[in-house]
Amino acid sequence: MGLRAGQGVLRRKPIDHIEEPEGAASQQLTRALGLWQLTAIGVGGIIGAGIFTLAGTVANGKAGPAVLISFLIAGIASAAAAFSYAEFAGLIPKAGSAYTYGYAVLGEIAGWFIGWDLLLEYTAIVAVVAIGISGYFGFLLGEVGLDLPHWMLGAPGTGPGHRVDLFAAVLCLLIAYLLTLGIKNAARFETVVVALKVLVVIVVIVVGFFHIDTANYHPFFPFGVSGAFTGAATVFFAVFGYDAMSTAAEESKDAQRHMPRAIMYSLVISMVLYVLACLVLTGMQNYKSIDPESGFSTAFKSVGLEKLADVIAVGAIIGILTVMFTFMLGVTRVWFSMSRDGLLPKWFAKTSETHHVPTRVTWIVGCASAVIAGFLPIGEAAELTNIGILLAFVVVCIAVIVLRYKRPDLPRTFRTPGMPLVPAIGVCFSLWLITFLEWQTWVRFAVWFVIGMVIYFSYSYRRSELAKAERESAESAGDA
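Let me sum up the structure you'll find in this document. Worth saying up front: this structure is predicted, and the values here are computed from it rather than measured.

With the rule as written, the count across this model stands at twelve salt bridges. Between Glu465 and Lys346 there is a salt bridge, with its nearest N and O atoms 3.0 Å apart. Within this pair, whereas Glu465 is found in helix 18 (residues 465-479), its partner Lys346 is found in the loop between helix 12 (306-340) and helix 13 (359-375), the two being separated by 119 residues in sequence. Residue classification places Glu465 among the partly exposed residues on the basis of a relative accessible area of 30%.

Okay, structure coming up:
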């Protein structure tokens, strides 16, 4: 495998052999996704939480009408990183995304660091989105006059009598079940629902445009310019579904050609819709009156469009399911890839004999996200999702620069433009946005990081596939 003894934590997966089969047949995935299915997964991951949940949350409590600026800032940083992801996706068509890229270029410790981060971040995103859907579900129930027991309507502390957000928890388990049915069947569902979601967003934008009151845009920065940047750090995870989509590279029919295009297409489509939707939301209703959990439904109701508000709520529930799908797909493929590489127990890397998907990790992630969604308020859950993703962007942007100069000979189906300026912008923006996160986020991240380092040095360092190859190489040299 081209290893040299003594590389230790800096040993790297050999890119030249990255496409060779790794592991037994029970640890392989099926290539079944085409360009538009990949794009649908990307759009499904990006559009949803940002428009239907976080746009209202950030406008109401952090940025006001400047939530538009928050999305633009996050979008610029995301686009700079997206070019880097696109180059890697065409170069290394394997499961794992940022984890695999970091492992191949910067070494095992960097790969572990990012992979371990993403396990928490992606799982938390699934939970956040589930909570957002639950908010719209509650809105619909209120519209039809149906009252459910208060204990099942939200996490503790989110309302009188709330004990668990039961609907959000059940949704997490349903998405896990869907993913165990096989990537082809799951992708068909995703493509249909994404089309429906985009249609709902377009209807929201077109109809809402005629009910904009420009007075609602004043003051544009009610929380100051810093509020817009704080909002950008919060909504950042809503503009990077393409990185979770790239974890499915090993399930793409032609990953080297299709993955870079799908990343670009999904980001462009999503950002155009985000900008227009934010203009409509903050133009229809004063930011102080926007509901943090079901913003668009309450905004349309405020202008007398109750029936359309109900349609939006239904569309939001159906549409946000695709975000859960994309990120649960992402975390299971990262976990699967880390386990197949030996950094986590191989038991997790076993795939279903029938559907050829990692069912074991899928159910574990489904249960973990259900617990987070059921018992944490949306604000606390969202704070779990940001710092690790931003650091993953930093690693990928640095790695693409390093690899371009160390291995310019590698065949690339997509090349990041403006090298090294564009990925450097991605690094700077990501680090800048990290500084706006709350100190509690840093504490949670530090705890998770320490746990990860303990596991790596007590288990992964000696049991990874590269560690085994390193020992075999040393033994062979000794025998010689």
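So much for the structure itself; the text now carries on.
This paragraph deals with unusual backbone geometry. Each neighbour pair has its own omega, and for His218 with Pro219 the value is -5 degrees, a cis peptide bond. Within the fold, Pro219 resides in the loop between helix 7 (183-209) and helix 8 (225-235). A cis amide bond links Met419 to the next residue, Pro420, at an omega of 0 degrees. Structurally, the position occupied by Pro420 is in the loop between helix 15 (387-406) and helix 16 (421-434).

Below, the discussion takes up the environment of Phe327. You can see Phe327 is positioned in helix 12. Put simply, Phe327 and Ala127 are 200 residues apart on the chain and 10.0 Å apart in space, counted from C-alpha to C-alpha.

This part is about the packing of helix 10 (residues 255-284) against helix 11 (residues 295-302). Two numbers describe how helix 10 lies on helix 11: the axes approach to 9 Å, and their chain directions differ by 45 degrees. Judged by the inter-axis angle, helix 10 sits oblique to helix 11. When the axes of helix 10 and helix 11 are compared, the crossing they make is left-handed. Between helix 10 and helix 11, the residues in contact are Ala277, Val280, Leu281 and Met284 and Gly295, Phe296, Ala299, Phe300 and Ser302, respectively.

Time to look at the packing of aromatic side chains. Each pair of aromatic rings is reported with the distance of its centres and the angle of its planes. Counting across every chain of the model gives 26 aromatic pairs. On the numbers, 5.7 Å between centres and 55 degrees between planes, the contact of Tyr99 with Tyr103 is tilted. Here the residue Tyr99 and the residue Tyr103 both occupy positions in helix 4 (residues 98-105), the gap between them amounting to four residues, near one helical turn. Given a relative accessible area of 0%, Tyr103 falls into the buried group. Aromatic side chains Phe113 and Phe449 sit 5.5 Å apart centroid to centroid with 75 degrees between the ring planes, which places their arrangement in the edge-to-face category. Placement of Phe113 in helix 5 (residues 108-143) and of Phe449 in helix 17 (residues 439-463) is noted, with a sequence separation of 336 residues between them. Through a chain of ring-to-ring contacts, the aromatic side chains of Trp112, Trp116, Trp448, Tyr456, Phe457 and Tyr461 assemble into a single cluster.

Okay, the packing of helix 6 (residues 166-179) against helix 13 next. Two numbers describe how helix 6 lies on helix 13: the axes approach to 7 Å, and their chain directions differ by 165 degrees. When the interaxial angle is binned, helix 6 and helix 13 end up roughly antiparallel. Crossing of helix 6 against helix 13: the hand is right-handed. For the pair helix 6 and helix 13, the contacting residues are Ala168, Ala169, Cys172, Leu173, Ala176, Tyr177 and Leu179 in the first and Thr362, Trp363, Gly366, Cys367, Ser369, Ala370, Ala373 and Gly374 in the second. Grouping the constituent residues of the contact of helix 6 with helix 13 by class yields eleven nonpolar, four polar and no charged.

Attention now goes to the nonpolar core. The biggest cluster of nonpolar side chains holds 158 residues, and the ones touching the most others in it are Tyr122, Phe236, Tyr242 and Met324. Sequence-distant contacts of Phe236, that is, excluding residues within four places in its chain, are made with Ala74, Ala77, Ser78, Ile389, Leu390, Phe393 and Leu433.

Parameters and conventions
- Residues numbered from 1 in each chain as written.
- Predicted model: local features only at pLDDT ≥ 70, side-chain atom pairs only at ≥ 80, totals over all residues.
- Heavy atoms only, no water.
- Salt bridge = Lys/Arg side-chain N within 4 Å of Asp/Glu carboxyl O.
- Helix = DSSP H or I, 4+ residues; strand = E, 2+ residues; numbered from the N terminus.
- Buried < 20%, exposed > 50% of the residue type's maximum accessible area, 1.4 Å probe, protein only.
- Axes fitted to C-alpha atoms, helices over the stretch in contact; angles between N-to-C directions.
- Parallel < 35°, antiparallel > 145°, perpendicular 65-115°, else oblique.
- Left-handed = near helix turned anticlockwise from the far one by under 90°.
- Contact = heavy atoms within 4.5 Å.
- Phe/Tyr/Trp six-rings, centres within 6.5 Å; stacked < 30°, edge-to-face > 60°.
- Nonpolar A, V, L, I, M, F, W, Y, C, P; charged D, E, K, R; others polar.
- Core = buried A, V, L, I, M, F, W, Y, C linked by side-chain atoms within 4.5 Å.

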